[in-house]
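Report on the structure
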Amino acid sequence: MLLIIFLWIALALVVGVLASGRGRHGFGWTMLACLISPLLAGIFLLVIADRSPHAKRPVPATHVDCPECGGRILREARVCRYCGATLAIPQEPPTLHGDP
Ligand SMILES: [Zn+2]
(Lines give C-alpha, C1' and ligand atoms only; values in the text may rest on other atoms or scores of the structure.)
Protein backbone atom coordinates (compact mmCIF):
# COMPACT_ATOMS: atom_id res chain seq x y z
CA MET A 1 0.00 0.00 0.00
CA LEU A 2 2.83 2.33 0.90
CA LEU A 3 4.43 1.59 -2.44
CA ILE A 4 1.29 2.64 -4.30
CA ILE A 5 1.20 5.96 -2.45
CA PHE A 6 4.88 6.49 -3.17
CA LEU A 7 4.37 5.74 -6.86
CA TRP A 8 1.33 8.03 -6.93
CA ILE A 9 3.29 10.96 -5.51
CA ALA A 10 6.31 10.23 -7.73
CA LEU A 11 4.14 10.22 -10.84
CA ALA A 12 2.41 13.40 -9.65
CA LEU A 13 5.82 15.05 -9.31
CA VAL A 14 6.74 13.90 -12.82
CA VAL A 15 3.53 15.48 -14.13
CA GLY A 16 4.43 18.68 -12.29
CA VAL A 17 7.92 18.76 -13.78
CA LEU A 18 6.53 18.12 -17.26
CA ALA A 19 3.93 20.83 -16.75
CA SER A 20 6.50 23.43 -15.73
CA GLY A 21 8.57 22.43 -18.76
CA ARG A 22 5.58 23.26 -20.89
CA GLY A 23 5.12 26.70 -19.35
CA ARG A 24 2.47 25.61 -16.83
CA HIS A 25 2.33 25.81 -13.06
CA GLY A 26 4.33 22.81 -11.93
CA PHE A 27 3.08 22.87 -8.33
CA GLY A 28 -0.55 23.25 -9.39
CA TRP A 29 -0.24 20.32 -11.74
CA THR A 30 1.42 18.20 -9.04
CA MET A 31 -1.52 18.91 -6.74
CA LEU A 32 -3.98 18.18 -9.54
CA ALA A 33 -2.22 14.90 -10.28
CA CYS A 34 -2.43 13.96 -6.58
CA LEU A 35 -6.13 14.83 -6.43
CA ILE A 36 -7.34 13.14 -9.60
CA SER A 37 -4.73 10.70 -10.75
CA PRO A 38 -1.24 11.17 -12.16
CA LEU A 39 -2.27 9.26 -15.28
CA LEU A 40 -5.31 11.46 -15.91
CA ALA A 41 -3.34 14.62 -15.22
CA GLY A 42 -0.59 13.42 -17.57
CA ILE A 43 -3.14 12.79 -20.31
CA PHE A 44 -4.65 16.25 -19.74
CA LEU A 45 -1.20 17.76 -19.96
CA LEU A 46 -0.56 16.05 -23.29
CA VAL A 47 -3.94 17.06 -24.69
CA ILE A 48 -3.79 20.76 -23.87
CA ALA A 49 -1.64 23.07 -25.94
CA ASP A 50 2.02 23.56 -25.22
CA ARG A 51 2.56 27.09 -23.89
CA SER A 52 6.32 26.76 -23.67
CA PRO A 53 8.33 29.40 -25.53
CA HIS A 54 10.53 26.54 -26.69
CA ALA A 55 7.61 25.02 -28.53
CA LYS A 56 8.22 24.76 -32.22
CA ARG A 57 7.17 27.78 -34.14
CA PRO A 58 7.10 27.89 -37.90
CA VAL A 59 9.99 29.76 -39.46
CA PRO A 60 8.64 32.67 -41.50
CA ALA A 61 9.57 32.66 -45.16
CA THR A 62 11.54 35.89 -44.66
CA HIS A 63 13.70 34.46 -41.88
CA VAL A 64 16.13 31.65 -41.26
CA ASP A 65 17.66 30.18 -38.12
CA CYS A 66 21.37 30.93 -37.69
CA PRO A 67 23.33 27.66 -37.95
CA GLU A 68 25.80 28.91 -35.32
CA CYS A 69 23.56 30.18 -32.52
CA GLY A 70 20.05 29.31 -33.65
CA GLY A 71 18.90 32.92 -33.55
CA ARG A 72 16.17 33.95 -35.94
CA ILE A 73 17.60 36.32 -38.51
CA LEU A 74 16.57 37.78 -41.81
CA ARG A 75 17.11 35.54 -44.80
CA GLU A 76 18.98 38.34 -46.57
CA ALA A 77 21.39 38.84 -43.68
CA ARG A 78 25.05 38.09 -44.35
CA VAL A 79 26.16 38.38 -40.72
CA CYS A 80 24.19 37.04 -37.77
CA ARG A 81 23.01 39.85 -35.51
CA TYR A 82 23.19 37.64 -32.43
CA CYS A 83 26.56 35.90 -32.67
CA GLY A 84 28.24 37.75 -35.57
CA ALA A 85 28.79 34.60 -37.59
CA THR A 86 29.26 35.12 -41.31
CA LEU A 87 26.54 33.34 -43.15
CA ALA A 88 26.68 31.72 -46.52
CA ILE A 89 24.39 33.22 -49.09
CA PRO A 90 21.31 31.03 -49.13
CA GLN A 91 21.39 28.90 -52.21
CA GLU A 92 18.32 28.26 -54.23
CA PRO A 93 17.55 24.58 -54.61
CA PRO A 94 18.44 23.35 -58.09
CA THR A 95 15.50 23.73 -60.38
CA LEU A 96 14.24 20.48 -61.74
CA HIS A 97 13.69 20.51 -65.43
CA GLY A 98 12.11 17.57 -67.13
CA ASP A 99 13.91 18.19 -70.40
CA PRO A 100 17.27 19.86 -71.02
ZN1 LIG B 1 24.14 33.44 -34.89
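All values derive from a computational prediction rather than experimental measurement.

Rules used throughout
Residues numbered from 1 in each chain as written. Predicted model: local features only at pLDDT ≥ 70, side-chain atom pairs only at ≥ 80, totals over all residues. Heavy atoms only, no water. Helix = DSSP H or I, 4+ residues; strand = E, 2+ residues; numbered from the N terminus. Buried < 20%, exposed > 50% of the residue type's maximum accessible area, 1.4 Å probe, protein only. Contact = heavy atoms within 4.5 Å. Core = buried A, V, L, I, M, F, W, Y, C linked by side-chain atoms within 4.5 Å.

It is worth spelling out the environment of Ile 73 at this point. One can find Ile 73 in strand E2 (residues 72-74). Looking at Ile 73, the relative accessible area reads 2%, which means it is buried. Each C-alpha atom, one on Ile 73 and one on His 63, is 5.5 Å from the other, the two residues being 10 residues apart in sequence. With residues up to four places along the chain from it excluded, the contact list for Ile 73 reads Thr 62, His 63, Val 64, Cys 66, Cys 80, Arg 81, Tyr 82 and Leu 87.

In this structure, Ala 12, Val 15, Ala 19, Trp 29, Ala 33, Ala 41 and Leu 45 together form the largest nonpolar core, which totals 7 residues. Within the residue set of this core, elements represented by two or more residues are helix H1 (2-21), helix H2 (26-35) and helix H3 (38-47). Take this core: its biggest share by element is 3 residues, from H1. Not counting residues up to four positions away in its chain, the partners in contact with Ala 12 are Thr 30, Ala 33, Cys 34 and Pro 38. In this structure, Cys 66, Ile 73, Cys 80 and Ala 85 belong to the second largest nonpolar core, which totals 5 residues.

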